[in-house]
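A look at the structure
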Amino acid sequence: MNVVIIGCGVVGAMIAYELSQVPGLNITVFDRKSPAQASTGAALGVLMGVISQKVKGTAWQMRQTSIQRYGTLIPEIEAITGRKIPFNRQGIVLLLSEDTEHPLASGVEVLSEWEQLREIRQSQGWKLEIWDIEQLRKFCPQIDHPKITGAVYSPQDYQLNPTALTLALVDAAQRKGVNFNFNVSVTGIGIPPEKTEFEDYQKCNFIETTTGKVTADWFIVSAGLGSTSLIAQLDQMVDIRPVLGQALYLSLGHILGNPDFQPVITGNDVHIVPVGGRDYWVGATVEFPTNGNDIPPSKELLESLRQQAIAFCPELAKASVIRTWSGLRPRPEGRPAPIIGKLPGFSNIVLATGHYRNGVLLAPATSQAIQQIISPQDSR
Ligand SMILES: Cc1cc2nc3c(=O)[nH]c(=O)nc-3n(C[C@H](O)[C@H](O)[C@H](O)COP(=O)(O)OP(=O)(O)OC[C@H]3O[C@@H](n4cnc5c(N)ncnc54)[C@H](O)[C@@H]3O)c2cc1C
């Protein structure tokens, strides 16, 4: 069976790798650029699974599936490719402040709500710890702010480098026979002939690319922000809009806090991500378009991000900014993220797109869902 995957960010690359293990599939991936150039190339790779406030339904199932799979996937891909994927297994520390109006407030502030979540996670087989200020000072002495009252520690959540992961997935998938075509745009999805009155679904049989026409049995659209215009050609609306994120690469000259304990630290949605040595990523802003889909990056918001990080981790004031970057998150308009499933009205076009702020986190669960659709008998 021939499968075409359109888009090679983390989602397309993950699907390609996971499907490469299903017998009988002949997989071809197209990307108009090199892999991991769009949203994936800007992501911080913070995987907020256990610490997320999703407790049931698909939203929690997908997080759980992904966190479980990452635990086995990273060593698996490293062994196949010989590549090293920066992978932080020391968890996520989420700072708590009593004052919900305060800039350090982090969503669910009330301690009893976190305690409730801890109980739920325990019943689901996962661990969360709630630290008071003394414990926080002991484990993360770099954190210092009068309003911070403690933290929630999620030891089983991860952070990884999304670009390194995507490139390694491509490498591993290639070794398992997947055919990648980079710098080739998909310009159209074959407009099928009108369905007859006896058919419920239309079937697509080819795509047009900048290097020619390609036929297949299945077409998986993992094109992020590029998905909308492709699907529009089929008179279908999959409205995905950009939300800009900016981030900073800081170098400090020394390690923050305890050198043996370097988790991601999150305060008021600002992540401080250790990336090795004495370097840290700080991100990310959340900037909505004001005029059409245009979002000029705001210098003020980037500086405010840096200041927020300094507010709870004062040593960062001394860090030098090595570089800054930005990227566009693909956010579905008027419906929850992500969009996974068959395109309504079509039997063989499958959407795996619109992952907004959690595409790296949800890529493994997404690929399992896609596998269920196209090859249910081989799904794990
Ligand atoms: C600053 C920032 C920080 C983030 N941090 C995190 C985080 O900590 N954790 C997390 O889970 N998520 C995070 N995200 C979100 C995450 O980056 C996205 O959800 C994820 O990368 C989406 O992956 P994707 O593969 O669907 O899309 P993309 O990475 O955008 O890939 C889509 C691909 O499709 C290709 N394409 C589009 N149209 C066509 C076409 N017509 N033909 C051929 N190819 C096409 C593009 O070239 C691109 O390579 C962050 C995002 C940003 C911007």
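Please refer to the structure placed before this passage.
Residues numbered from 1 in each chain as written. Predicted model: local features only at pLDDT ≥ 70, side-chain atom pairs only at ≥ 80, totals over all residues. Heavy atoms only, no water.

A closer look at the overall build of the protein chain
This is how it is decided: Helix and strand definitions here come from DSSP, where helices need a minimum of 4 consecutive H or I residues and strands a minimum of 2 consecutive E residues; each element is numbered from the N-terminal end. C-alpha atoms define the radius of gyration in this analysis, and the globule rule sets the expected value at 2.2 Å times the number of residues to the power 0.38. Each residue is placed in one exposure class: buried if its accessible area under a 1.4 Å probe, protein chains only, is under 20% of its type's maximum, exposed if it is over 50%, and partly exposed if it falls in between. The contact definition used throughout considers only heavy atoms, calling two residues in contact when any of these lie within 4.5 Å. Accessible surface is estimated by sampling points in the Shrake-Rupley manner with a 1.4 Å probe; for residues, cover comes only from the protein chains shown. None of His or the chain ends enter the tally, which takes Lys and Arg as positive and Asp and Glu as negative. Throughout, a charge is located at the NZ atom of Lys, the CZ atom of Arg, the CG atom of Asp or the CD atom of Glu.
If you tally the helices and strands in the protein chain, you get nine helices and 20 strands. Radius of gyration (C-alpha) of the protein chain: 22 Å, near the 21 Å computed for a compact globule of 380 residues. Structurally, the protein chain occupies a C-alpha span of about 70 × 45 × 40 Å along its principal axes. The proportion of buried residues among the 380 residues of the protein chain is 54%. The long-range share in the protein chain, meaning contacts at least 24 apart out of those at least 6 apart in sequence, stands at 74%. Here the protein chain has roughly 16,700 Å² of accessible surface; of this, 49% comes from carbon and sulfur atoms. When the 32 basic and 35 acidic side-chain charges of the protein chain are each reduced to a single mean position, those positions are 4 Å apart.

Concerning the nonpolar core
Stated precisely, the cut-off is as follows: Joining through side-chain atoms within 4.5 Å is the link that ties buried Ala, Val, Leu, Ile, Met, Phe, Trp, Tyr and Cys residues into a set, and such a set is a nonpolar core.
Grouped together as the largest cluster of nonpolar side chains are 69 residues, with contacts concentrated most on Val3, Leu19, Tyr70, Leu165 and Ile220. By residue number, the principal contributor to this core is helix H1 (residues 10-19), which donates eight residues. The contact partners of Val3, leaving out residues within four places of it in the chain, are Leu19, Leu25, Asn26, Ile27, Thr28, Trp218, Ile220 and Ile374. Core analysis: the next-biggest nonpolar cluster, separate from the first, contains 27 residues, Trp131, Cys140, Tyr153 and Cys313 among them.

Digging into the site of the ligand
As a reminder of what qualifies: To be near a molecule or strand, a residue needs just one of its heavy atoms within 4 Å of it. Distance and chemistry together define a polar contact, namely a pair of N or O atoms within 3.5 Å, with one atom able to donate a hydrogen and the other to accept it when in protein, and with adjacent residues in sequence counting only for side-chain atoms on both sides. Residue type decides the class: Asp, Glu, Lys and Arg count as charged, Ala, Val, Leu, Ile, Met, Phe, Trp, Tyr, Cys and Pro as nonpolar, and the leftover types, Gly among them, as polar.
Neighbouring the ligand are 34 residues; Asp31, Thr40, Val46, Tyr356 and Leu361 lie closest to it. Side-chain polar atom of Asp31 to an oxygen atom of the ligand: 2.5 Å apart, as the coordinates give it. Val186 has a polar backbone atom sitting 2.9 Å from a nitrogen atom of the ligand. Notes on the ligand: free accessible area 1,000 Å², of which the protein chains cover 97%. Contributing elements (two or more residues each) for the shell around the ligand: H1, helix H2 (39-42), strand S18 (320-332) and helix H9 (359-374). Here the residues of the shell around the ligand are counted per class, giving 16 nonpolar, 14 polar and four charged.

Overview of the packing of H1 against helix H6 (residues 162-175)
The cut-off we apply is this: Fitted lines through C-alpha atoms serve as axes, helices being fitted only where they are in contact, and the angles separating the N-to-C directions of these axes extend from 0 to 180 degrees. Here the word oblique covers every angle except those under 35 degrees (roughly parallel), over 145 (roughly antiparallel) and from 65 to 115 (roughly perpendicular). Handedness of a helix crossing follows the sense of rotation of the near helix relative to the far helix, less than a right angle counterclockwise being left-handed and clockwise being right-handed.
Relative orientation of the contacting elements H1 and H6 amounts to 30°, with a least axis distance of 9 Å. In terms of axis orientation, H1 runs roughly parallel to H6. For the pair H1 and H6, the crossing hand works out as left-handed. Where H1 abuts H6, its residues Val10, Ala13, Met14, Ala16 and Tyr17 lie against Leu165, Thr166, Leu169, Val170, Ala172 and Ala173. Here the contact of H1 with H6 is built from residues that sort into 10 nonpolar, one polar and no charged.

Comments concerning the sheet that holds strand S12 (residues 212-215)
The test is simple: Being paired, for any two strands, means DSSP has found at least two bridges between them.
Reading across the sheet, the three strands line up as S10-S11-S12 and stay open at both edges, with antiparallel pairing between neighbours. With partners counted over all chains shown, the strands left at the sheet margins are strand S10 (186-189) and S12, one partner each. Direction aside, the axes of adjacent strands within the sheet are offset by 25° on average. Relative to S12, strand S11 (residues 206-209) runs antiparallel, the two sharing four bridges. Note on S12: the bridge partner recorded for Phe206 is Thr215.

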